[in-house]
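Residue-level structure breakdown
What follows is each chain in one-letter form.
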Amino acid sequence: MKKLIEGIVEFRRKSQVGYREAFGRLATGQAPDTLFIACSDSRVVPNTFASTNPGDLFVLRNVGNLIPPCDKHGHSISDESEGAAIEYSVLNLKVSDIIVCGHSECAAMRALVGDRNTVQMPNLKSWLRHGDPAVDRLRSGVVLDFSLSEHNQLSQLNVLLQIEHVKSYPAVKKRIEEGSLAVHGWWFDIAKADVYAYEDAFKKFVLIDEEEAERIMQRAEK
Ligand code: ZN
């Protein structure tokens, strides 16, 4: 925590004045256009790799970027935190995009492909079940990128699974049908500090460089 405290003092000394106007504006309300769903992993840093500012992203983070799907009544089958964040951002903030962002070397994905019985943490062990269908897909031979290690292959399949779970919520379904909401899959490669976006046409994650960025922007304008 020492680094955090020193950081606050440093922020007050060097940067606070510059941010005052922006935070003054934000104090009256937020209008982020994106719900960003990511893993709690300390190395996944959207503010850094996507150059975002305060007020840009409504963020939901948990272990493994897992979203429990909802039942036929629209209630989460597990923890309500994820459903609540989805409902609030989609219905109240009216975000136009939801991004599910997985990452390489995810400990949750390693645990999912490993022996679950060795996980000595009861809550974590139970929580991981929301990624099980992705493990089933991997075991049945579904792979998006053969160059990746097994847990990273799973991590990519897990992003696609969690997109399906996000889309199970009535609020999301309705906004997608209206054409006012899109759900995307991203994947952060920690070692390279590269971000990839899932391209349905190619059935794989594609590096977000200038060319891919253009493709994404053109699609968004349609
Ligand atoms: Zn992770």
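Residues numbered from 1 in each chain as written. Predicted model: local features only at pLDDT ≥ 70, side-chain atom pairs only at ≥ 80, totals over all residues. Heavy atoms only, no water.

**Quick look at the coordination of the zinc ion**
Ideal geometry at a metal centre gives angles of 109.5 degrees when four donors are arranged tetrahedrally and 90 or 180 degrees when six donors are arranged octahedrally. As a reminder, the rule being used: Water is absent from the atoms considered, so a metal site may look incomplete; donors are defined as N, O and S atoms within 2.8 Å of the metal, or 3.2 Å for Na, K and Ca. Each helix corresponds to a stretch of at least 4 residues labelled H or I by DSSP, and each strand to a stretch of at least 2 residues labelled E; elements are numbered beginning at the N terminus.
Protein coordination at the zinc ion comes from Cys39 (SG), His103 (NE2) and Cys106 (SG), with a distance range of 2.0 to 2.3 Å. In terms of primary sequence, the donors binding the zinc ion are separated according to C-x63-H-x2-C. Of this pair, cysteine 39 sits in strand β1 (residues 34-39) while histidine 103 sits in strand β3 (residues 97-103), and the two are 64 residues apart along the sequence.

**A word on the nonpolar core**
What counts, and what does not: Nonpolar cores are built from buried Ala, Val, Leu, Ile, Met, Phe, Trp, Tyr and Cys residues. Side-chain atoms within 4.5 Å join them into one set. Residue burial is assigned from relative accessible area. The probe radius is 1.4 Å, only protein chains are included, and a residue is buried under 20% of its type maximum, exposed over 50%, and partly exposed in between. Pairs of residues are marked as contacts when any of their non-hydrogen atoms sit within 4.5 Å.
Core analysis: the largest hydrophobic core is formed by 43 residues, its most contacted members being Ile98, Val166 and Val172. Per-element accounting of this core gives the leading share, seven residues, to helix α8 (residues 150-167). Filtering out sequence-adjacent residues up to four positions away, valine 166 remains in contact with Ile37, Ile67, Ile86, Ile98, Val100, Val172 and Val183. Membership of the second largest hydrophobic core comes to eleven residues, among which are Ala38, Val44, Phe49 and Ala197.

**Section: the sheet that holds β1**
Pairing between the strands of a sheet is mediated by backbone hydrogen bonds and can be parallel or antiparallel. Put simply, the rule reads: Strands qualify as paired when DSSP identifies two bridges or more between them. Here an axis means a line fitted to C-alpha atoms, over the contact stretch when the element is a helix, while the angle between two N-to-C directions is reported on a 0 to 180 degree scale.
Spatially, six strands are ordered β2-β1-β3-β4-β5-β6 in an open sheet, and the strand pairing comes out mixed. What marks the edges here is a single partner per strand, and that holds for β2 (57-62) and β6 (204-207). Across the sheet, the mean angle separating the axes of adjacent strands is 30 degrees when strand polarity is ignored. The pairing of strand β4 (residues 182-189) with strand β5 (residues 194-199) spans four bridges and is antiparallel. Each bridged residue has a counterpart across the sheet, and for aspartate 189 the counterpart in β5 is aspartate 194. α8 contacts β1, β3, β4, β5 and β6 of the sheet and is inclined by roughly 160 degrees relative to β4.

**Some remarks on a nonpolar patch on the surface**
Short version of the rule: Nonpolar side chains (Val, Leu, Ile, Met, Phe, Trp, Tyr) are joined into patches within 5 Å and like charges within 9 Å, using only residues with over 30% relative accessible area and no salt bridge. Working definition of accessibility: Shrake-Rupley area with a 1.4 Å probe, residue cover restricted to the visible protein chains. The term salt bridge refers to a pairing of a side-chain nitrogen on Lys or Arg with a carboxyl oxygen on Asp or Glu at a separation within 4 Å.
Taken together, Met1, Leu4, Ile5, Ile8 and Val9 make up a surface patch of nonpolar side chains, about 560 Å² in accessible area. Looking at the element boundaries, leucine 4 is found in helix α1 (residues 2-14). A relative accessible area of 60% places leucine 4 in the exposed class.

**Considering the environment of valine 90**
As for its placement among the helices and strands, valine 90 is situated in helix α4 (residues 81-92). As for valine 90 and arginine 25, which are separated by 65 residues in sequence, their C-alpha atoms are 22 Å apart. Once residues lying within four places of it in the same chain are set aside, the contact partners of valine 90 are Val95, Ile98, Ala171, Val172, Arg175 and Leu181.

**Quick notes on the environment of histidine 130**
Along the chain, histidine 130 falls in the loop between α6 (122-127) and α7 (132-139). The buried category is assigned to histidine 130, whose relative accessible area is 4%. Not counting residues up to four positions away in its chain, the partners in contact with histidine 130 are Leu66, Pro68, Pro69, Ile77, Ser78, Leu161, Gln162 and His165.

**Section: the pairing of β5**
Across the six residues of β5, five count as buried, placing the element largely inside the fold. Here β4 folds back onto β5, and the loop between the two strands holds four residues, one of which, alanine 193, carries a positive phi near 55 degrees. Bridging between β5 and β6 involves four bridges; their strand directions are antiparallel. Considered in β6, the bridge of alanine 197 is made with valine 206. What sits between the antiparallel neighbours β5 and β6 is a turn of four residues, in which lysine 203 has the positive phi angle 55 degrees.

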